[in-house]
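Structural overview
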There are 2 protein chains.
Amino acid sequence: MNRKTQRILGIDPGSRITGFGIIDVCGRDYQYVASGCIKTIPADELAGRIGVICENIREIIELYRPNQAAVEQVFVNVNPAATLMLGQARGAALAALVMRGLPVYEYTALQVKQAVVGKGKAAKEQVQHMVVQMLGLSGTPQADAADGLAVALTHALRNHSLAYKLNADGMQIKGGRFQR
Amino acid sequence: MNRKTQRILGIDPGSRITGFGIIDVCGRDYQYVASGCIKTIPADELAGRIGVICENIREIIELYRPNQAAVEQVFVNVNPAATLMLGQARGAALAALVMRGLPVYEYTALQVKQAVVGKGKAAKEQVQHMVVQMLGLSGTPQADAADGLAVALTHALRNHSLAYKLNADGMQIKGGRFQR
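For clarity, every value in this text was computed on a predicted model and none was experimentally measured. (Residues numbered from 1 in each chain as written. Chains lettered and ligands numbered in written order. Predicted model: local features only at pLDDT ≥ 70, side-chain atom pairs only at ≥ 80, totals over all residues. Heavy atoms only, no water.)

**Description of unusual backbone geometry**
- We note that R65 of chain A has phi near 45°; this positive angle belongs to a residue other than glycine.
- Examined against the element boundaries, R65 of chain A turns out to sit in the loop between α1 (46-64) and β4 (68-72). (Helix = DSSP H or I, 4+ residues; strand = E, 2+ residues; numbered from the N terminus.)

**A few points about the pattern of salt bridges**
- All chains considered together, the criterion is met by 12 salt bridges over all chains.
- In this structure, R90 of chain A and E106 of chain A form a salt bridge, with 2.8 Å as the shortest nitrogen-oxygen distance. Within this pair, whereas R90 of chain A is found in helix α2 (residues 80-99), its partner E106 of chain A is found in strand β5 (residues 104-107), the two being separated by 16 residues in sequence.
- For R90 of chain A, a relative accessible area of 2% puts it in the buried group.
- According to the relative accessible area criterion, E106 of chain A is partly exposed, its value standing at 24%.
- When the shortest N-O distance is used, the salt bridge between R100 of chain B and E62 of chain B registers 3.0 Å. A residue pair is termed long-range when its members are at least 10 positions apart, and R100 of chain B in the loop between α2 (80-99) and β5 (104-107) and E62 of chain B in helix α1 (residues 46-64) qualify at 38 residues.
- The exposure class of R100 of chain B is partly exposed, given its relative accessible area of 36%. (Salt bridge = Lys/Arg side-chain N within 4 Å of Asp/Glu carboxyl O. Buried < 20%, exposed > 50% of the residue type's maximum accessible area, 1.4 Å probe, protein only.)

**Points about the relation of the copies chain B and chain A**
- Each copy superposes on the other: chain B lies on chain A with an RMSD of 0.0 Å after a rotation of 180° and an axial shift of 0.0 Å. Overall, the copies show the geometry of a two-fold rotation axis.
- Mapped onto chain A, 100% of the interface residues of chain B again fall at the interface, so both copies present the same surface. (Least-squares fit on C-alpha atoms with pLDDT ≥ 70 in both. Contact = heavy atoms within 4.5 Å.)

**Quick word on the UniProt feature "binding site: Mg(2+) 2" (unreviewed entry) in chain A**
Residues and elements named next belong to chain A.
- Annotation from UniProt places "binding site: Mg(2+) 2" (unreviewed entry) at E72.
- Here E72 shows up in strand β4.
- Taking relative accessible area as the criterion, E72 reaches 10% and is therefore assigned buried.
- Other than its neighbours up to four places away in sequence, E72 contacts I11, D12, P13, R90, Y107, A109, V112, D147 and V151. (UniProt positions renumbered as here; feature names shortened; annotations may be inferred.)

**Side note on the packing of α2 of chain A against α2 of chain B**
- α2 of chain B packs onto α2 of chain A with a crossing angle of 45° between their chain directions and a minimal axis gap of 6 Å. In terms of orientation, α2 of chain A lies oblique with respect to α2 of chain B. Helix-helix and strand crossings are classified by hand; for α2 of chain A and α2 of chain B the assignment is right-handed. Along the contact surface, α2 of chain A presents P80, T83, L84, G87, Q88, R90, G91, A92, A95, A96 and M99 of chain A, while α2 of chain B presents P80, T83, L84, G87, Q88, R90, G91, A92, A95, A96 and M99 of chain B. (Axes fitted to C-alpha atoms, helices over the stretch in contact; angles between N-to-C directions. Parallel < 35°, antiparallel > 145°, perpendicular 65-115°, else oblique. Left-handed = near helix turned anticlockwise from the far one by under 90°.)

As C-alpha coordinates, then:
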(Lines give C-alpha, C1' and ligand atoms only; values in the text may rest on other atoms or scores of the structure.)
Protein backbone atom coordinates (compact mmCIF):
# COMPACT_ATOMS: atom_id res chain seq x y z
CA MET A 1 0.00 0.00 0.00
CA ASN A 2 1.82 3.15 -1.18
CA ARG A 3 1.31 6.63 0.23
CA LYS A 4 -1.51 7.59 -2.13
CA THR A 5 -3.46 4.37 -1.65
CA GLN A 6 -6.57 4.59 0.51
CA ARG A 7 -7.78 1.39 2.16
CA ILE A 8 -11.55 1.51 2.63
CA LEU A 9 -13.55 -0.79 4.89
CA GLY A 10 -17.18 -0.98 3.76
CA ILE A 11 -19.82 -2.25 6.18
CA ASP A 12 -23.40 -3.33 5.48
CA PRO A 13 -24.96 -3.76 8.93
CA GLY A 14 -27.72 -6.28 9.58
CA SER A 15 -29.32 -7.75 12.68
CA ARG A 16 -28.23 -11.29 11.72
CA ILE A 17 -25.45 -10.75 9.19
CA THR A 18 -23.06 -7.81 8.92
CA GLY A 19 -21.33 -7.81 5.52
CA PHE A 20 -17.90 -6.27 5.09
CA GLY A 21 -15.60 -5.57 2.17
CA ILE A 22 -12.15 -3.99 1.99
CA ILE A 23 -10.67 -2.36 -1.11
CA ASP A 24 -7.52 -0.42 -1.89
CA VAL A 25 -8.05 2.71 -3.96
CA CYS A 26 -5.32 4.54 -5.85
CA GLY A 27 -6.76 7.15 -8.22
CA ARG A 28 -9.18 5.30 -10.51
CA ASP A 29 -7.64 1.94 -9.65
CA TYR A 30 -9.61 -0.32 -7.28
CA GLN A 31 -8.09 -3.44 -5.79
CA TYR A 32 -9.97 -6.13 -3.87
CA VAL A 33 -8.42 -6.87 -0.46
CA ALA A 34 -10.94 -8.95 1.48
CA SER A 35 -14.64 -9.48 2.15
CA GLY A 36 -16.91 -11.63 4.25
CA CYS A 37 -19.79 -11.85 6.69
CA ILE A 38 -20.04 -11.50 10.45
CA LYS A 39 -22.86 -13.78 11.58
CA THR A 40 -24.65 -13.67 14.91
CA ILE A 41 -27.05 -16.25 16.30
CA PRO A 42 -30.55 -14.73 16.84
CA ALA A 43 -31.17 -17.03 19.83
CA ASP A 44 -28.09 -15.64 21.64
CA GLU A 45 -28.52 -12.84 24.15
CA LEU A 46 -28.04 -9.32 22.81
CA ALA A 47 -24.81 -8.51 24.68
CA GLY A 48 -23.24 -11.64 23.17
CA ARG A 49 -24.33 -10.70 19.65
CA ILE A 50 -23.05 -7.13 20.08
CA GLY A 51 -19.78 -8.64 21.32
CA VAL A 52 -19.45 -10.82 18.21
CA ILE A 53 -19.96 -7.81 15.90
CA CYS A 54 -17.48 -5.60 17.83
CA GLU A 55 -14.85 -8.31 18.22
CA ASN A 56 -14.93 -9.24 14.52
CA ILE A 57 -14.73 -5.62 13.37
CA ARG A 58 -11.80 -5.08 15.76
CA GLU A 59 -10.02 -8.11 14.26
CA ILE A 60 -10.72 -6.96 10.69
CA ILE A 61 -9.31 -3.49 11.48
CA GLU A 62 -6.20 -4.94 13.17
CA LEU A 63 -5.56 -7.38 10.33
CA TYR A 64 -6.17 -5.09 7.34
CA ARG A 65 -5.57 -1.63 8.84
CA PRO A 66 -8.06 0.37 6.72
CA ASN A 67 -7.82 4.16 7.00
CA GLN A 68 -11.44 4.98 6.15
CA ALA A 69 -14.78 3.32 6.80
CA ALA A 70 -18.04 3.55 4.83
CA VAL A 71 -21.26 2.24 6.35
CA GLU A 72 -24.55 1.63 4.59
CA GLN A 73 -27.58 3.37 6.08
CA VAL A 74 -30.16 0.74 6.89
CA PHE A 75 -33.79 0.52 5.88
CA VAL A 76 -36.38 1.35 8.47
CA ASN A 77 -38.41 -1.82 8.81
CA VAL A 78 -42.18 -1.97 9.31
CA ASN A 79 -41.63 -4.22 12.33
CA PRO A 80 -40.53 -1.97 15.27
CA ALA A 81 -38.78 -4.82 17.14
CA ALA A 82 -36.78 -5.70 14.00
CA THR A 83 -35.95 -2.02 13.47
CA LEU A 84 -34.70 -1.76 17.06
CA MET A 85 -32.53 -4.88 16.67
CA LEU A 86 -31.13 -3.62 13.36
CA GLY A 87 -30.42 -0.24 14.98
CA GLN A 88 -28.57 -1.91 17.85
CA ALA A 89 -26.42 -3.99 15.48
CA ARG A 90 -25.64 -0.92 13.39
CA GLY A 91 -24.86 1.15 16.50
CA ALA A 92 -22.44 -1.54 17.67
CA ALA A 93 -20.70 -1.66 14.27
CA LEU A 94 -20.38 2.15 14.22
CA ALA A 95 -19.07 2.11 17.81
CA ALA A 96 -16.42 -0.48 16.90
CA LEU A 97 -15.25 1.69 13.99
CA VAL A 98 -15.36 4.99 15.89
CA MET A 99 -13.55 3.52 18.92
CA ARG A 100 -10.67 2.48 16.64
CA GLY A 101 -10.42 6.09 15.46
CA LEU A 102 -11.60 5.43 11.89
CA PRO A 103 -13.34 8.27 10.03
CA VAL A 104 -16.81 6.96 9.16
CA TYR A 105 -18.84 7.95 6.07
CA GLU A 106 -22.47 6.95 5.57
CA TYR A 107 -24.30 6.15 2.36
CA THR A 108 -27.93 5.22 1.76
CA ALA A 109 -28.78 2.02 -0.15
CA LEU A 110 -29.98 4.33 -2.96
CA GLN A 111 -26.59 6.08 -3.13
CA VAL A 112 -24.77 2.73 -3.17
CA LYS A 113 -26.93 1.34 -6.01
CA GLN A 114 -26.67 4.57 -7.99
CA ALA A 115 -22.89 4.67 -7.59
CA VAL A 116 -22.25 1.00 -8.36
CA VAL A 117 -25.05 0.02 -10.79
CA GLY A 118 -26.05 3.45 -12.05
CA LYS A 119 -29.68 3.28 -10.92
CA GLY A 120 -31.30 3.37 -7.48
CA LYS A 121 -33.71 0.49 -8.05
CA ALA A 122 -31.11 -2.18 -8.86
CA ALA A 123 -31.60 -5.77 -7.64
CA LYS A 124 -29.15 -7.43 -5.23
CA GLU A 125 -27.82 -9.57 -8.12
CA GLN A 126 -26.96 -6.48 -10.16
CA VAL A 127 -24.96 -5.08 -7.22
CA GLN A 128 -23.10 -8.41 -6.91
CA HIS A 129 -22.47 -8.46 -10.69
CA MET A 130 -21.06 -4.91 -10.76
CA VAL A 131 -18.84 -5.54 -7.71
CA VAL A 132 -17.37 -8.58 -9.53
CA GLN A 133 -16.81 -6.49 -12.69
CA MET A 134 -15.33 -3.43 -11.00
CA LEU A 135 -12.91 -5.43 -8.84
CA GLY A 136 -12.16 -8.11 -11.47
CA LEU A 137 -13.11 -10.94 -9.11
CA SER A 138 -12.94 -14.57 -10.24
CA GLY A 139 -16.01 -15.56 -8.16
CA THR A 140 -19.17 -13.90 -6.88
CA PRO A 141 -19.05 -12.89 -3.20
CA GLN A 142 -22.03 -13.68 -0.97
CA ALA A 143 -24.74 -10.96 -1.13
CA ASP A 144 -23.88 -9.30 2.24
CA ALA A 145 -20.13 -9.35 1.52
CA ALA A 146 -20.87 -7.85 -1.94
CA ASP A 147 -22.89 -5.09 -0.22
CA GLY A 148 -19.89 -4.39 2.03
CA LEU A 149 -17.65 -4.09 -1.06
CA ALA A 150 -20.32 -1.97 -2.83
CA VAL A 151 -20.45 0.61 -0.03
CA ALA A 152 -16.61 0.77 -0.02
CA LEU A 153 -16.69 1.30 -3.81
CA THR A 154 -19.38 3.99 -3.40
CA HIS A 155 -17.12 5.89 -1.03
CA ALA A 156 -14.19 5.55 -3.44
CA LEU A 157 -16.24 6.66 -6.47
CA ARG A 158 -17.82 9.64 -4.73
CA ASN A 159 -14.50 10.80 -3.30
CA HIS A 160 -12.82 10.42 -6.68
CA SER A 161 -15.62 12.46 -8.28
CA LEU A 162 -15.16 15.14 -5.64
CA ALA A 163 -11.39 15.22 -6.15
CA TYR A 164 -11.94 15.28 -9.94
CA LYS A 165 -14.46 18.11 -9.69
CA LEU A 166 -12.19 20.14 -7.42
CA ASN A 167 -9.31 19.54 -9.81
CA ALA A 168 -11.43 20.80 -12.74
CA ASP A 169 -12.06 23.93 -10.68
CA GLY A 170 -8.32 24.28 -10.16
CA MET A 171 -8.53 23.09 -6.54
CA GLN A 172 -7.32 20.06 -4.68
CA ILE A 173 -7.54 18.58 -1.22
CA LYS A 174 -4.22 18.87 0.62
CA GLY A 175 -3.85 18.01 4.30
CA GLY A 176 -7.61 17.85 4.60
CA ARG A 177 -8.09 21.38 3.18
CA PHE A 178 -9.19 22.67 -0.18
CA GLN A 179 -6.32 24.44 -1.90
CA ARG A 180 -5.90 26.15 -5.25
CA MET B 1 -14.44 -1.19 47.90
CA ASN B 2 -13.87 -4.47 49.83
CA ARG B 3 -13.80 -7.92 48.26
CA LYS B 4 -17.52 -8.60 48.67
CA THR B 5 -18.61 -5.24 47.28
CA GLN B 6 -20.01 -5.23 43.77
CA ARG B 7 -19.84 -1.99 41.81
CA ILE B 8 -22.73 -1.79 39.34
CA LEU B 9 -22.95 0.60 36.41
CA GLY B 10 -26.57 1.13 35.37
CA ILE B 11 -27.32 2.57 31.92
CA ASP B 12 -30.60 3.96 30.58
CA PRO B 13 -29.96 4.43 26.85
CA GLY B 14 -31.68 7.15 24.85
CA SER B 15 -31.18 8.68 21.44
CA ARG B 16 -30.51 12.14 22.92
CA ILE B 17 -29.64 11.44 26.55
CA THR B 18 -28.04 8.31 28.01
CA GLY B 19 -28.48 8.24 31.78
CA PHE B 20 -25.99 6.44 34.00
CA GLY B 21 -25.75 5.60 37.67
CA ILE B 22 -23.11 3.76 39.70
CA ILE B 23 -23.73 2.08 43.04
CA ASP B 24 -21.71 -0.11 45.38
CA VAL B 25 -23.54 -3.13 46.74
CA CYS B 26 -22.48 -5.15 49.77
CA GLY B 27 -25.21 -7.55 50.90
CA ARG B 28 -28.31 -5.44 51.53
CA ASP B 29 -26.27 -2.25 51.74
CA TYR B 30 -26.41 0.11 48.74
CA GLN B 31 -24.06 3.05 48.39
CA TYR B 32 -24.34 5.84 45.84
CA VAL B 33 -21.13 6.35 43.86
CA ALA B 34 -21.97 8.59 40.90
CA SER B 35 -24.63 9.41 38.32
CA GLY B 36 -25.18 11.70 35.38
CA CYS B 37 -26.21 12.11 31.76
CA ILE B 38 -24.38 11.69 28.49
CA LYS B 39 -25.91 14.16 26.04
CA THR B 40 -25.57 14.12 22.28
CA ILE B 41 -26.59 16.85 19.86
CA PRO B 42 -29.33 15.63 17.47
CA ALA B 43 -28.01 17.89 14.67
CA ASP B 44 -24.58 16.21 14.82
CA GLU B 45 -23.78 13.40 12.41
CA LEU B 46 -24.41 9.89 13.70
CA ALA B 47 -20.76 8.77 13.90
CA GLY B 48 -20.03 11.79 16.10
CA ARG B 49 -22.96 11.04 18.41
CA ILE B 50 -21.95 7.37 18.67
CA GLY B 51 -18.42 8.57 19.46
CA VAL B 52 -19.68 10.79 22.31
CA ILE B 53 -21.62 7.88 23.88
CA CYS B 54 -18.69 5.43 23.59
CA GLU B 55 -16.06 7.90 24.77
CA ASN B 56 -18.09 8.92 27.83
CA ILE B 57 -18.86 5.32 28.82
CA ARG B 58 -15.17 4.47 28.40
CA GLU B 59 -14.23 7.38 30.71
CA ILE B 60 -16.89 6.39 33.29
CA ILE B 61 -15.58 2.79 33.32
CA GLU B 62 -11.94 3.92 33.64
CA LEU B 63 -12.76 6.36 36.43
CA TYR B 64 -15.12 4.23 38.54
CA ARG B 65 -14.08 0.67 37.52
CA PRO B 66 -17.49 -1.06 37.87
CA ASN B 67 -17.45 -4.87 37.66
CA GLN B 68 -20.99 -5.35 36.37
CA ALA B 69 -23.27 -3.43 34.03
CA ALA B 70 -27.07 -3.34 33.88
CA VAL B 71 -28.81 -1.80 30.88
CA GLU B 72 -32.46 -0.87 30.56
CA GLN B 73 -34.31 -2.38 27.61
CA VAL B 74 -35.78 0.41 25.58
CA PHE B 75 -39.34 0.98 24.45
CA VAL B 76 -40.15 0.29 20.86
CA ASN B 77 -41.36 3.62 19.52
CA VAL B 78 -44.21 4.09 17.05
CA ASN B 79 -41.91 6.22 14.88
CA PRO B 80 -39.59 3.81 12.98
CA ALA B 81 -36.86 6.44 12.44
CA ALA B 82 -36.84 7.23 16.18
CA THR B 83 -36.74 3.51 16.99
CA LEU B 84 -33.77 3.06 14.67
CA MET B 85 -31.91 6.00 16.26
CA LEU B 86 -32.66 4.71 19.75
CA GLY B 87 -31.46 1.25 18.71
CA GLN B 88 -28.21 2.69 17.36
CA ALA B 89 -27.55 4.64 20.57
CA ARG B 90 -28.32 1.56 22.67
CA GLY B 91 -26.13 -0.65 20.46
CA ALA B 92 -23.25 1.81 20.87
CA ALA B 93 -23.66 1.86 24.67
CA LEU B 94 -23.73 -1.96 24.79
CA ALA B 95 -20.68 -2.11 22.52
CA ALA B 96 -18.76 0.27 24.79
CA LEU B 97 -19.57 -1.93 27.82
CA VAL B 98 -18.90 -5.26 26.09
CA MET B 99 -15.60 -4.03 24.59
CA ARG B 100 -14.38 -3.18 28.11
CA GLY B 101 -15.13 -6.77 29.14
CA LEU B 102 -18.01 -5.92 31.49
CA PRO B 103 -20.71 -8.57 32.00
CA VAL B 104 -23.97 -6.94 30.85
CA TYR B 105 -27.43 -7.68 32.29
CA GLU B 106 -30.64 -6.38 30.74
CA TYR B 107 -33.86 -5.34 32.45
CA THR B 108 -37.13 -4.10 30.98
CA ALA B 109 -38.63 -0.79 32.19
CA LEU B 110 -41.36 -2.92 33.82
CA GLN B 111 -38.78 -4.95 35.79
CA VAL B 112 -37.01 -1.76 36.89
CA LYS B 113 -40.24 -0.14 38.12
CA GLN B 114 -41.40 -3.32 39.84
CA ALA B 115 -38.03 -3.73 41.58
CA VAL B 116 -37.62 -0.12 42.66
CA VAL B 117 -41.19 1.15 43.16
CA GLY B 118 -43.01 -2.16 43.60
CA LYS B 119 -45.38 -1.71 40.68
CA GLY B 120 -44.84 -1.76 36.91
CA LYS B 121 -46.91 1.33 36.11
CA ALA B 122 -44.98 3.80 38.29
CA ALA B 123 -44.42 7.37 37.10
CA LYS B 124 -40.92 8.77 36.48
CA GLU B 125 -41.22 10.88 39.67
CA GLN B 126 -41.89 7.76 41.77
CA VAL B 127 -38.73 6.14 40.39
CA GLN B 128 -36.74 9.29 41.23
CA HIS B 129 -38.28 9.38 44.72
CA MET B 130 -37.44 5.72 45.47
CA VAL B 131 -33.89 6.10 44.17
CA VAL B 132 -33.40 9.04 46.56
CA GLN B 133 -34.85 6.98 49.45
CA MET B 134 -32.94 3.77 48.77
CA LEU B 135 -29.58 5.50 48.36
CA GLY B 136 -30.16 8.17 51.02
CA LEU B 137 -29.43 11.01 48.61
CA SER B 138 -29.60 14.63 49.75
CA GLY B 139 -30.93 15.84 46.36
CA THR B 140 -32.99 14.41 43.51
CA PRO B 141 -30.96 13.32 40.49
CA GLN B 142 -32.13 14.32 36.98
CA ALA B 143 -34.69 11.82 35.57
CA ASP B 144 -32.28 10.02 33.20
CA ALA B 145 -29.55 9.77 35.84
CA ALA B 146 -32.19 8.42 38.28
CA ASP B 147 -33.16 5.81 35.67
CA GLY B 148 -29.49 4.79 35.42
CA LEU B 149 -29.35 4.40 39.22
CA ALA B 150 -32.71 2.54 39.17
CA VAL B 151 -31.51 -0.08 36.70
CA ALA B 152 -28.32 -0.58 38.79
CA LEU B 153 -30.52 -1.00 41.91
CA THR B 154 -32.76 -3.45 40.02
CA HIS B 155 -29.75 -5.61 39.23
CA ALA B 156 -28.60 -5.45 42.86
CA LEU B 157 -32.06 -6.31 44.24
CA ARG B 158 -32.68 -9.18 41.84
CA ASN B 159 -29.24 -10.66 42.46
CA HIS B 160 -29.68 -10.32 46.20
CA SER B 161 -33.07 -12.04 46.00
CA LEU B 162 -31.49 -14.86 43.99
CA ALA B 163 -28.65 -15.25 46.49
CA TYR B 164 -31.19 -15.13 49.35
CA LYS B 165 -33.43 -17.75 47.72
CA LEU B 166 -30.48 -20.04 47.05
CA ASN B 167 -29.33 -19.63 50.64
CA ALA B 168 -32.80 -20.59 51.92
CA ASP B 169 -32.53 -23.72 49.79
CA GLY B 170 -29.13 -24.45 51.40
CA MET B 171 -27.25 -23.38 48.29
CA GLN B 172 -24.91 -20.56 47.43
CA ILE B 173 -23.09 -19.20 44.42
CA LYS B 174 -19.35 -19.85 44.63
CA GLY B 175 -16.95 -19.16 41.80
CA GLY B 176 -19.94 -18.67 39.49
CA ARG B 177 -21.44 -22.08 40.38
CA PHE B 178 -24.30 -23.14 42.60
CA GLN B 179 -23.02 -25.10 45.57
CA ARG B 180 -24.68 -26.70 48.58
